[in-house]
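Next come the chains, spelled out residue by residue.
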Amino acid sequence: IERDSAYKNCKIYNNTFYNWYMPILVAGSIGNHEVDIKNNIFYAYTYPPTYEGTAVKHDYNYYSGKIPAGDGGNSIGNGAEPFVDSKSGNFRLAVGASPNARGKNLSIYFTTDKDGRPRGSSLWSIGAYRAAGPAPPENITITINQ
């Protein structure tokens, strides 16, 4: 997204933003147009993201610092690095990292992560990748015959 550009009805979903040193400003006061920001990781930034305007909806995100004002209440904010190995450029989520299975199900838009691995229909991970390991089981039926 370009600086000083107006985008209407943006959906910014399941991204990983790492080592930002410039301020991120998202303004959503352009008429009735909404900016929806969900399931993103904002990690190791110099300036926290700033959201302006009532039309910016942000929720289910992971911040390595304080959660910005106006969040929907499902975001996570702490300093623990959630990645397998960020120093080597591996931004896949580590098993047990706090963004695992904490995101909003957005399967109406897409069903795989950046590697093409299925996200499932529940327990979505925040960020561009889901955690390593097999996809979580879904719709399990157990039948016991005696």
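The coordinates are above.
Residues numbered from 1 in each chain as written. Predicted model: local features only at pLDDT ≥ 70, side-chain atom pairs only at ≥ 80, totals over all residues. Heavy atoms only, no water.

Attention now goes to the pattern of salt bridges. Within this structure, the stated rule accounts for two salt bridges. A salt bridge links Asp36 to Lys38, with the nearest nitrogen and oxygen atoms 2.6 Å apart. The salt bridge involving Asp115 is made with Arg92; its shortest N-O contact spans 2.7 Å. Taken together, the positions of Asp115 in the segment after strand E11 (90-93) and Arg92 in strand E11 put the pair 23 residues apart, joining distant regions of the chain. (Salt bridge = Lys/Arg side-chain N within 4 Å of Asp/Glu carboxyl O. Helix = DSSP H or I, 4+ residues; strand = E, 2+ residues; numbered from the N terminus.)

Among all residues save glycine, negative phi is the norm, and among peptide bonds the norm is trans. The phi dihedral of Asn14 falls on the positive side, at around 50°, and the residue is not glycine. On the secondary structure map, Asn14 appears in the loop between strand E1 (10-13) and strand E2 (16-18). Residue classification places Asn14 among the buried positions, given a relative accessible area of 6%. In the Ramachandran plot, Ala101 falls in the positive-phi region, its phi being about 55° despite a non-glycine side chain. Relative to the helices and strands, Ala101 is located in the segment after E11. (Buried < 20%, exposed > 50% of the residue type's maximum accessible area, 1.4 Å probe, protein only.)

Turning our attention to the packing of aromatic side chains. Enumeration according to the criterion identifies nine aromatic pairs in this entry. Considering the side-chain rings of Tyr18 and Phe83, the 5.8 Å spacing of their centres and the 80° angle between planes classify their relative orientation as edge-to-face. In this pair, Tyr18 sits in strand E2 while Phe83 sits in strand E10 (residues 83-85), placing the two residues 65 residues apart along the sequence. Residue classification places Phe83 among the buried positions, given a relative accessible area of 5%. Through successive ring pairs, a cluster of aromatic residues spans Tyr18, Tyr43, Phe83 and Phe91. (Phe/Tyr/Trp six-rings, centres within 6.5 Å; stacked < 30°, edge-to-face > 60°.)

Another aspect to go through is the sheet that holds strand E4 (residues 35-38). With respect to topology, three strands assemble into an open sheet ordered E1-E4-E7, the strand pairing being parallel. Taken across any chain shown, the strands that pair with only one partner, and hence form the sheet edges, are E1 and strand E7 (56-59). Averaged over all neighbouring strand pairs, the angle between strand axes comes to 5°, with direction disregarded. Alignment of E1 against E4, held across four bridges, turns out to be parallel. (Pairing = 2+ DSSP bridges. Axes fitted to C-alpha atoms, helices over the stretch in contact; angles between N-to-C directions.)

This part is about the nonpolar core. One finds Cys10, Ile12, Val35, Ile37, Phe42, Tyr45, Tyr51, Val56 and Tyr63 forming the largest nonpolar core, which totals nine residues. Of all the secondary-structure elements, those providing two or more residues to this core are E1 and E4. Listed in part, the eight residues of the second largest apolar core include Tyr43, Ile76, Phe83 and Ala131. (Core = buried A, V, L, I, M, F, W, Y, C linked by side-chain atoms within 4.5 Å.)

These values are about where atoms sit, not about what they do.
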